[in-house]
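Chains, contacts and geometry: an overview
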Amino acid sequence: MKQADFVSLVMPFKDKVFRLAKRLLVSREEAEDATQEILLKLWKHNKKIEDYRNVEAFSMTMTKNFCLDRLKSKQAQNLKIVHSNYTDHNASLQKQVETRDSVDWVSKIMEDLPEQQKIIVQLRDIEAYEFAEIAKMLDMNETAIRVNLSRARKTIREKLTSTHKHGIT
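Since the structure is predicted, the reported quantities are computational estimates derived from the model, not experimental observations.

Observations regarding the overall build of the chain
What the chain contains, in helices and strands, is seven helices and zero strands. Ordered by position in the sequence, the α and β elements of the chain form the string α-α-α-α-α-α-α. When burial is assessed residue by residue, the chain has 38% of its 169 residues classed as buried. Long-range pairs, those at least 24 residues apart, make up 68% of the contacts in the chain with a sequence separation of at least 6. Looking at the chain as shown, the accessible area adds up to about 10600 Å², and 49% of this sits on carbon and sulfur atoms.

Quick word on the side chain of serine 27
By the secondary structure assignment, serine 27 is in the loop between α1 (3-25) and α2 (28-44). For serine 27, a relative accessible area of 10% gives the class buried. Polar side-chain contacts of serine 27 include one of 3.1 Å to the side chain of glutamate 29.

Observations concerning the confidence of the model for the chain
Per-residue confidence for the chain averages 82 on the pLDDT scale, and 86% of its residues sit at or above 70. In the predicted structure, residues 76-88 sits below a pLDDT of 50 and forms 19 contacts with residues beyond four places in sequence or in another chain.

As for the nonpolar core
Counting residues in hydrophobic clusters, the biggest one holds 42 residues, and the most contacted among them are Leu42, Met60, Leu123, Leu138 and Ile145. Of all the secondary structure elements, the ones that give two or more residues to this core are α1, α2, α3 (55-74), α4 (93-111), α5 (115-126), α6 (131-138) and α7 (142-166). For this core, the element with the most residues is α1, which contributes nine residues. Non-local contacts of leucine 123, meaning those with residues more than four positions away in its chain, are made with Leu20, Met60, Ala128, Tyr129, Ile134, Met137 and Leu138.

Brief notes about the packing of α1 against α5
At a closest axis distance of 10 Å, the pairing of α1 and α5 adopts a crossing angle of 150°. For the element pair α1 / α5, the angle class is roughly antiparallel. For the pair α1 and α5, the sense of crossing is right-handed. Together, Arg19, Leu20, Arg23 and Leu24 of α1 and Glu115, Lys118, Ile119, Gln122, Leu123 and Ile126 of α5 make up the contact between the two elements. Considering only residue class, the contact of α1 with α5 consists of five nonpolar, one polar and four charged.

What to know about the environment of lysine 14
By secondary structure assignment, the location of lysine 14 is in helix α1. Counting along the chain gives 42 residues from lysine 14 to glutamate 56, while the straight-line C-alpha distance between them is 8.8 Å. Residues contacting lysine 14, with those up to four places away along its chain left out, are Thr35 and Leu39.

Regarding α5
Taking 1.5 Å of rise per residue, twelve residues should cover 16 Å, and α5 covers 16 Å from first to last C-alpha, within 8% of that figure. Here α5 has its buried residues at Gln117, Lys118, Ile119, Ile120, Val121, Gln122 and Leu123. Alanine 128, located one to two residues past α5, shows a positive phi value of around 65°.

With respect to the packing of aromatic side chains
Under the criterion given, the structure shown has two aromatic pairs. Centroid distance tyrosine 52 to phenylalanine 58: 4.0 Å. Interplanar angle 15°. Geometry classified as stacked. Given the relative accessible area of 35%, tyrosine 52 is considered partly exposed. Judged by relative accessible area, which is 28%, phenylalanine 58 ranks as partly exposed. Geometry around tryptophan 105 places lysine 108 over its ring, the cationic atom sitting 5.0 Å from the centre. The aromatic ring of phenylalanine 131 is capped on one face by arginine 146, whose charged end is 3.9 Å from the ring centroid.

Calculation notes
Residues numbered from 1 in each chain as written. Predicted model: local features only at pLDDT ≥ 70, side-chain atom pairs only at ≥ 80, totals over all residues. Heavy atoms only, no water. Helix = DSSP H or I, 4+ residues; strand = E, 2+ residues; numbered from the N terminus. Buried < 20%, exposed > 50% of the residue type's maximum accessible area, 1.4 Å probe, protein only. Contact = heavy atoms within 4.5 Å. Areas by Shrake-Rupley, 256 points an atom, 1.4 Å probe, with all protein chains shown as cover. Polar contact = N/O pair within 3.5 Å; in protein donor to acceptor, adjacent residues only side chain to side chain. pLDDT = per-residue confidence, 0-100. Core = buried A, V, L, I, M, F, W, Y, C linked by side-chain atoms within 4.5 Å. Axes fitted to C-alpha atoms, helices over the stretch in contact; angles between N-to-C directions. Parallel < 35°, antiparallel > 145°, perpendicular 65-115°, else oblique. Left-handed = near helix turned anticlockwise from the far one by under 90°. Nonpolar A, V, L, I, M, F, W, Y, C, P; charged D, E, K, R; others polar. Expected span 1.5 Å × (residues − 1). Phe/Tyr/Trp six-rings, centres within 6.5 Å; stacked < 30°, edge-to-face > 60°. Lys NZ or Arg CZ within 6 Å of the ring centre and 35° of its normal.

Printed below as a string of structure tokens:
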């Protein structure tokens with residue numbers, strides 16, 4: 001595989017790899033390092049890469065495994081999530097502050113979710129993968145994915161509602 005072919009294959013999902021790594025590793029720098037590491041591993045095995053039916057799904061699985069290994073070895077619990085996936089340029093300043101606050105609360109709530117639920121929410125709700133793709137990546141059945149996603153969403157909804165009602169969690 002030539003470098004140009006590799007780049008055209010990998011570039012469309014490179015940002016998804018980064019976002020998953022950032023969700024799991026929390027730190028932007030750690031996520032950038034993880035993304036580079038995954039791309040490097042893919043390049044080292046570029047002769048085998050054509051054997052995979054879905055290189056994107058394979059890359060996401062590699063990312064998940066790499067990040068979980070990294071967390072086990074480094075114990076990076078002291079880093080803070082700052083998730084800025086959403087910006088609305090037409091909103092008023094008050095609305096922007098409220099929206100940013102809500103996104104921050106959801107990120108904080110997601111920090112406390114079990115690892116598996118956190119990954120499933122990231123892949124389904126943020127990266128927009130289909131249930132079948134997530135099931136392959138995580139080596140789970142689709143029913144288990146749906147149950148975990150439902151539980152995670154319920155937890156997020158309840159804690160966010162409680163926060164908005166009382167101003168604290």
